[in-house]
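So the chains spell out like this:
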Amino acid sequence: MPKIAKPLSDLIESFEKLPGVGPKTAERLTFYMLRVPQSEIQFFADSLTNLKKLTKVCDICKNVSETNPCPICADDKRDQSKILVVEEPFDILVFERGGKYDGLYHVLHGAINPLENIGPDELYIDALLKRTKATNGHTVKEVIIATNPTMEGDATAMYIGGKLKDINDKILVTRLGMGIPTGADLGFADDLTLTQALAGRREL
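Every chain is numbered on its own, with residues counted from 1 as its sequence reads. Totals for whole chains, interfaces and linings use every residue, but because this is a predicted model, local features are given only for residues with pLDDT of at least 70 and side-chain atom pairs only at 80 or more, for both listing and counting. Computation of side-chain values: all heavy atoms of the structure, hydrogens and water removed.

A.B. asks: What is the right way to look at the sheet that holds strand β4 (residues 103-107) in this model?
C.D. replies: Only when DSSP finds a minimum of two bridges between them are two strands counted as paired. Numbered from the N terminus, helices here are DSSP runs of H or I no shorter than four residues, and strands are runs of E no shorter than two. On the basis of which strands lie adjacent, the open sheet formed by five strands has the order β4-β3-β5-β6-β7 and mixed pairing. The outermost strands of the open sheet, each flanked by one partner alone, are β4 and β7 (202-203). Inspection of the sheet shows strand β6 (residues 172-175) paired to β7 by two bridges, in the antiparallel sense. Across the sheet, residue T174 finds its bridge partner in β7, namely E203. The contact criterion used throughout is that any non-hydrogen atoms of two residues lie within 4.5 Å. Every axis corresponds to a line fitted to the C-alpha atoms, with the helix fit spanning only the stretch in contact, and the corresponding angles, defined between N-to-C directions, vary from 0 to 180 degrees. Docked against the sheet, helix α5 (residues 89-98) engages β3 (79-86) and β4, running at close to 155° with respect to β4. Across the sheet, helix α6 (residues 125-133) touches β3, β4 and β5 (142-145), and the angle it forms with β4 is around 150°.

A.B. asks: I tried to follow helix α7 (residues 151-167) on my own but got confused; where do I start?
C.D. replies: Residues separated by three or four positions in an α-helix point in the same direction, a consequence of the helix having 3.6 residues per turn. Take the number of residues in a helix, subtract one, and multiply by 1.5 Å to get its expected span. With 17 residues, α7 should reach 24 Å at 1.5 Å per residue; the first-to-last C-alpha distance of 25 Å fits that figure. Relative accessibility decides the category of a residue: with a 1.4 Å probe and only protein chains considered, values under 20% of the type maximum give buried, values over 50% give exposed, and everything between is partly exposed. The complete set of buried residues in α7 reads G153, T156, A157, I160, G161 and L164. All buried residues of α7 lie within an arc of 135° about the axis, which places them on one face of the element. The exposed residues of α7 that point more than 90 degrees off its buried face are M151, M158 and D166. Throughout, the arc means that of the directions going from the helix axis to the C-beta atoms.

A.B. asks: Could you clarify how one ought to interpret the pairing of β6 in this entry?
C.D. replies: On a regular strand, each side chain points to the face opposite its neighbour's, so the side chains alternate between the two faces of the sheet. Here β5 pairs with β6 via four bridges, running parallel. Considered in β6, the bridge of V143 is made with V173. A clockwise course of the path from the first strand over the helix to the second, judged with the strands pointing away from the viewer, identifies a crossover as right-handed. With α7 bridging β5 and its parallel neighbour β6, the resulting β-α-β unit is right-handed.

A.B. asks: Is there a simple way to think about the packing of α6 against α7 in this case?
C.D. replies: Two packed helices can be described by the angle between their axes and the distance between those axes. Where α6 meets α7, the axes come as close as 11 Å, and the angle between the chain directions of the two elements is 35°. Here α6 runs over α7; the crossing is right-handed. Between α6, through I125, L128, L129, T132 and K133, and α7, the contact on the second element is made entirely by Y159, I160, K163, L164 and I167. Three classes are used, and their members are as follows: Ala, Val, Leu, Ile, Met, Phe, Trp, Tyr, Cys and Pro are nonpolar, Asp, Glu, Lys and Arg are charged, and the others, Gly among them, are polar. Split by residue class, the contact of α6 with α7 holds seven nonpolar, one polar and two charged. Each helix crossing is assigned a hand: it is left-handed if the near helix lies turned anticlockwise from the far helix by less than a right angle, otherwise right-handed if that turn is clockwise.

A.B. asks: Explain the nonpolar core here, please?
C.D. replies: For soluble globular proteins, nonpolar side chains are generally found buried alongside one another. Residues enter a nonpolar core if they are buried and are Ala, Val, Leu, Ile, Met, Phe, Trp, Tyr or Cys, with the set joined through side-chain atoms within 4.5 Å. Counting 17 residues, the largest nonpolar core has I83, V85, I125, V143, I145, I160 and L164 as the members making the most contacts within it. Among the elements of the structure, β3, α6, β5 and α7 are those that each provide at least two residues to this core. Residues C58, C61, C73 and F95 belong to the second largest nonpolar core, which totals 16 residues.

A.B. asks: How should the pattern of salt bridges be read in this particular structure?
C.D. replies: Pairing of side chains with opposite charge becomes possible as their charged atoms draw close. Should a side-chain nitrogen of Lys or Arg be within 4 Å of a carboxyl oxygen of Asp or Glu, the pair is scored as a salt bridge. What the rule picks out here adds up to five salt bridges. When the shortest N-O distance is used, the salt bridge between K6 and D10 registers 2.9 Å. Residue K6 and its partner D10 are located together in helix α1 (residues 6-16), separated by four residues, close to a single helical turn. When the shortest N-O distance is used, the salt bridge between K82 and D79 registers 3.9 Å. Taking the relative accessible area as the measure of exposure, D79 reaches 26% and is therefore partly exposed. One salt-bridge network, held together by shared partners, links D79, K82 and D102.

A.B. asks: So what exactly am I meant to see when it comes to a nonpolar patch on the surface here?
C.D. replies: A surface patch of nonpolar side chains, about 220 Å² in accessible area, is lined by V57, V64 and Y124. Relative to the helices and strands, V57 is located in strand β1 (residues 56-57). To count toward a patch, a residue needs a relative accessible area over 30% and no salt bridge; like charges are then connected within 9 Å, while nonpolar side chains (Val, Leu, Ile, Met, Phe, Trp, Tyr) are connected within 5 Å. Throughout, the Shrake-Rupley method with a 1.4 Å probe supplies accessible areas, and for residues the shown protein chains are the sole cover considered.

A.B. asks: I'm lost on the pairing of β5 in this one. Help?
C.D. replies: Residues E142 and I144 line one face of β5 and the alternating positions V143 and I145 line the opposite face, and both faces are buried. As paired elements, β3 and β5 share four bridges and run parallel to each other. In the sheet register, I83 faces β5, and the bridge partner there is V143.

Below is the structure:
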(Lines give C-alpha, C1' and ligand atoms only; values in the text may rest on other atoms or scores of the structure.)
Protein backbone atom coordinates (compact mmCIF):
# COMPACT_ATOMS: atom_id res chain seq x y z
CA MET A 1 0.00 0.00 0.00
CA PRO A 2 1.43 3.44 -0.90
CA LYS A 3 2.42 5.63 2.02
CA ILE A 4 -0.62 7.64 3.15
CA ALA A 5 -1.25 10.03 6.00
CA LYS A 6 -1.56 8.30 9.39
CA PRO A 7 -5.07 9.70 10.14
CA LEU A 8 -6.24 8.09 6.90
CA SER A 9 -4.56 4.75 7.54
CA ASP A 10 -5.92 4.69 11.11
CA LEU A 11 -9.48 5.25 9.89
CA ILE A 12 -9.10 2.63 7.14
CA GLU A 13 -7.91 0.16 9.75
CA SER A 14 -10.87 1.02 12.00
CA PHE A 15 -13.40 0.53 9.20
CA GLU A 16 -11.82 -2.83 8.30
CA LYS A 17 -12.67 -4.11 11.78
CA LEU A 18 -16.38 -3.72 11.07
CA PRO A 19 -18.24 -6.87 9.94
CA GLY A 20 -18.62 -7.12 6.17
CA VAL A 21 -16.20 -4.28 5.43
CA GLY A 22 -13.18 -5.28 3.35
CA PRO A 23 -10.02 -3.25 2.58
CA LYS A 24 -11.41 -1.63 -0.59
CA THR A 25 -14.67 -0.59 1.08
CA ALA A 26 -12.72 0.74 4.08
CA GLU A 27 -10.61 2.88 1.75
CA ARG A 28 -13.67 4.23 -0.10
CA LEU A 29 -15.40 5.11 3.18
CA THR A 30 -12.32 6.86 4.49
CA PHE A 31 -11.79 9.02 1.40
CA TYR A 32 -15.53 9.76 1.30
CA MET A 33 -15.26 11.12 4.84
CA LEU A 34 -12.63 13.58 3.62
CA ARG A 35 -15.29 15.26 1.48
CA VAL A 36 -17.89 15.46 4.24
CA PRO A 37 -18.29 18.84 6.04
CA GLN A 38 -16.56 19.01 9.43
CA SER A 39 -19.92 19.43 11.20
CA GLU A 40 -21.10 16.06 9.91
CA ILE A 41 -17.78 14.45 10.85
CA GLN A 42 -18.18 15.84 14.38
CA PHE A 43 -21.75 14.51 14.63
CA PHE A 44 -20.53 11.10 13.48
CA ALA A 45 -17.70 11.16 16.05
CA ASP A 46 -20.06 12.26 18.85
CA SER A 47 -22.51 9.49 17.94
CA LEU A 48 -19.75 6.90 18.25
CA THR A 49 -18.59 8.34 21.57
CA ASN A 50 -22.12 8.36 22.99
CA LEU A 51 -22.93 4.86 21.74
CA LYS A 52 -21.74 3.28 24.96
CA LYS A 53 -21.57 6.33 27.19
CA LEU A 54 -25.31 7.14 27.00
CA THR A 55 -26.79 3.63 26.73
CA LYS A 56 -27.60 1.08 29.41
CA VAL A 57 -28.44 -2.61 29.45
CA CYS A 58 -31.93 -3.10 30.88
CA ASP A 59 -31.75 -5.07 34.14
CA ILE A 60 -34.92 -6.96 33.20
CA CYS A 61 -34.77 -7.88 29.52
CA LYS A 62 -31.12 -7.02 28.70
CA ASN A 63 -32.15 -4.76 25.82
CA VAL A 64 -29.99 -1.68 25.15
CA SER A 65 -31.71 1.59 25.98
CA GLU A 66 -31.21 5.08 27.37
CA THR A 67 -33.19 4.15 30.49
CA ASN A 68 -33.22 1.28 32.97
CA PRO A 69 -35.66 -0.39 32.84
CA CYS A 70 -36.14 0.07 29.11
CA PRO A 71 -39.36 1.64 27.75
CA ILE A 72 -40.80 -1.76 26.75
CA CYS A 73 -40.34 -3.30 30.21
CA ALA A 74 -41.72 -0.12 31.80
CA ASP A 75 -44.85 -0.17 29.64
CA ASP A 76 -47.67 -1.71 31.70
CA LYS A 77 -49.83 -1.95 28.58
CA ARG A 78 -47.62 -4.75 27.19
CA ASP A 79 -48.79 -8.33 27.63
CA GLN A 80 -46.82 -9.45 30.69
CA SER A 81 -47.63 -13.13 30.13
CA LYS A 82 -45.46 -13.49 26.99
CA ILE A 83 -41.69 -13.23 26.60
CA LEU A 84 -40.11 -13.35 23.16
CA VAL A 85 -36.46 -14.42 23.30
CA VAL A 86 -34.04 -13.01 20.70
CA GLU A 87 -30.30 -13.20 20.14
CA GLU A 88 -29.45 -9.49 19.77
CA PRO A 89 -30.98 -6.11 20.68
CA PHE A 90 -31.35 -5.35 16.96
CA ASP A 91 -33.87 -8.21 16.67
CA ILE A 92 -36.28 -6.31 18.93
CA LEU A 93 -36.34 -3.45 16.43
CA VAL A 94 -37.33 -5.92 13.71
CA PHE A 95 -40.35 -7.19 15.66
CA GLU A 96 -41.37 -3.75 16.94
CA ARG A 97 -41.32 -2.39 13.40
CA GLY A 98 -44.00 -4.91 12.44
CA GLY A 99 -46.23 -3.76 15.31
CA LYS A 100 -47.91 -7.16 15.69
CA TYR A 101 -46.25 -8.35 18.92
CA ASP A 102 -47.45 -6.84 22.18
CA GLY A 103 -45.55 -8.87 24.78
CA LEU A 104 -42.18 -8.53 26.47
CA TYR A 105 -38.70 -9.46 25.23
CA HIS A 106 -35.52 -11.04 26.48
CA VAL A 107 -32.14 -10.55 24.76
CA LEU A 108 -29.54 -13.30 25.05
CA HIS A 109 -26.70 -11.29 23.45
CA GLY A 110 -25.62 -14.19 21.28
CA ALA A 111 -26.23 -17.90 20.76
CA ILE A 112 -24.56 -21.06 22.02
CA ASN A 113 -21.53 -21.67 19.83
CA PRO A 114 -18.87 -24.13 21.12
CA LEU A 115 -16.52 -23.27 18.23
CA GLU A 116 -16.42 -19.67 19.48
CA ASN A 117 -16.27 -20.79 23.15
CA ILE A 118 -19.74 -19.36 23.78
CA GLY A 119 -21.64 -21.54 26.21
CA PRO A 120 -24.88 -20.99 28.15
CA ASP A 121 -23.01 -19.16 30.91
CA GLU A 122 -21.86 -16.49 28.46
CA LEU A 123 -25.47 -15.63 27.57
CA TYR A 124 -28.33 -14.11 29.57
CA ILE A 125 -30.11 -17.45 29.91
CA ASP A 126 -30.12 -17.58 33.71
CA ALA A 127 -31.71 -14.12 33.78
CA LEU A 128 -34.50 -15.44 31.53
CA LEU A 129 -35.09 -18.46 33.77
CA LYS A 130 -35.33 -16.17 36.81
CA ARG A 131 -37.91 -14.02 35.04
CA THR A 132 -40.17 -17.03 34.51
CA LYS A 133 -39.97 -17.89 38.21
CA ALA A 134 -40.49 -14.35 39.53
CA THR A 135 -44.11 -13.39 40.06
CA ASN A 136 -44.24 -9.57 40.52
CA GLY A 137 -48.00 -9.91 40.22
CA HIS A 138 -47.72 -11.41 36.72
CA THR A 139 -47.45 -14.98 35.51
CA VAL A 140 -45.41 -15.86 32.45
CA LYS A 141 -47.54 -18.24 30.39
CA GLU A 142 -45.54 -18.45 27.17
CA VAL A 143 -41.91 -18.08 26.14
CA ILE A 144 -41.47 -17.64 22.38
CA ILE A 145 -37.96 -18.53 21.28
CA ALA A 146 -37.00 -16.42 18.26
CA THR A 147 -33.33 -17.26 17.91
CA ASN A 148 -32.07 -17.36 14.32
CA PRO A 149 -32.82 -20.60 12.38
CA THR A 150 -29.16 -21.61 12.31
CA MET A 151 -27.35 -24.52 13.97
CA GLU A 152 -26.37 -22.23 16.84
CA GLY A 153 -29.85 -20.71 17.12
CA ASP A 154 -31.53 -24.12 17.08
CA ALA A 155 -29.13 -25.48 19.72
CA THR A 156 -29.83 -22.44 21.90
CA ALA A 157 -33.59 -22.87 21.47
CA MET A 158 -33.44 -26.55 22.45
CA TYR A 159 -31.28 -25.79 25.49
CA ILE A 160 -33.60 -23.03 26.72
CA GLY A 161 -36.68 -25.15 26.05
CA GLY A 162 -35.29 -27.98 28.15
CA LYS A 163 -34.35 -25.69 31.01
CA LEU A 164 -37.76 -23.99 31.05
CA LYS A 165 -39.60 -27.31 31.13
CA ASP A 166 -37.44 -28.42 34.05
CA ILE A 167 -38.42 -25.30 35.98
CA ASN A 168 -42.12 -25.17 35.14
CA ASP A 169 -43.78 -27.54 32.70
CA LYS A 170 -46.90 -25.34 32.72
CA ILE A 171 -45.12 -22.64 30.70
CA LEU A 172 -45.79 -22.99 26.98
CA VAL A 173 -42.47 -22.91 25.11
CA THR A 174 -42.80 -22.17 21.39
CA ARG A 175 -40.51 -21.58 18.40
CA LEU A 176 -41.18 -19.28 15.44
CA GLY A 177 -43.08 -21.09 12.70
CA MET A 178 -42.65 -21.31 8.94
CA GLY A 179 -41.55 -18.27 7.00
CA ILE A 180 -37.99 -17.80 8.26
CA PRO A 181 -35.67 -19.84 6.01
CA THR A 182 -33.04 -22.07 7.59
CA GLY A 183 -29.72 -20.31 8.05
CA ALA A 184 -31.31 -16.86 7.76
CA ASP A 185 -30.94 -13.86 10.03
CA LEU A 186 -34.08 -12.32 11.56
CA GLY A 187 -32.73 -8.88 10.69
CA PHE A 188 -33.35 -9.55 7.00
CA ALA A 189 -36.93 -10.78 7.40
CA ASP A 190 -39.76 -8.50 6.25
CA ASP A 191 -42.71 -7.56 8.46
CA LEU A 192 -45.15 -9.97 6.78
CA THR A 193 -42.75 -12.91 7.14
CA LEU A 194 -42.24 -12.18 10.84
CA THR A 195 -45.97 -11.81 11.40
CA GLN A 196 -46.59 -15.19 9.77
CA ALA A 197 -43.75 -16.75 11.74
CA LEU A 198 -45.24 -15.47 15.00
CA ALA A 199 -48.74 -16.64 14.09
CA GLY A 200 -47.44 -20.07 13.06
CA ARG A 201 -45.19 -20.65 16.06
CA ARG A 202 -45.04 -24.26 17.25
CA GLU A 203 -44.51 -25.84 20.62
CA LEU A 204 -41.02 -27.10 21.37
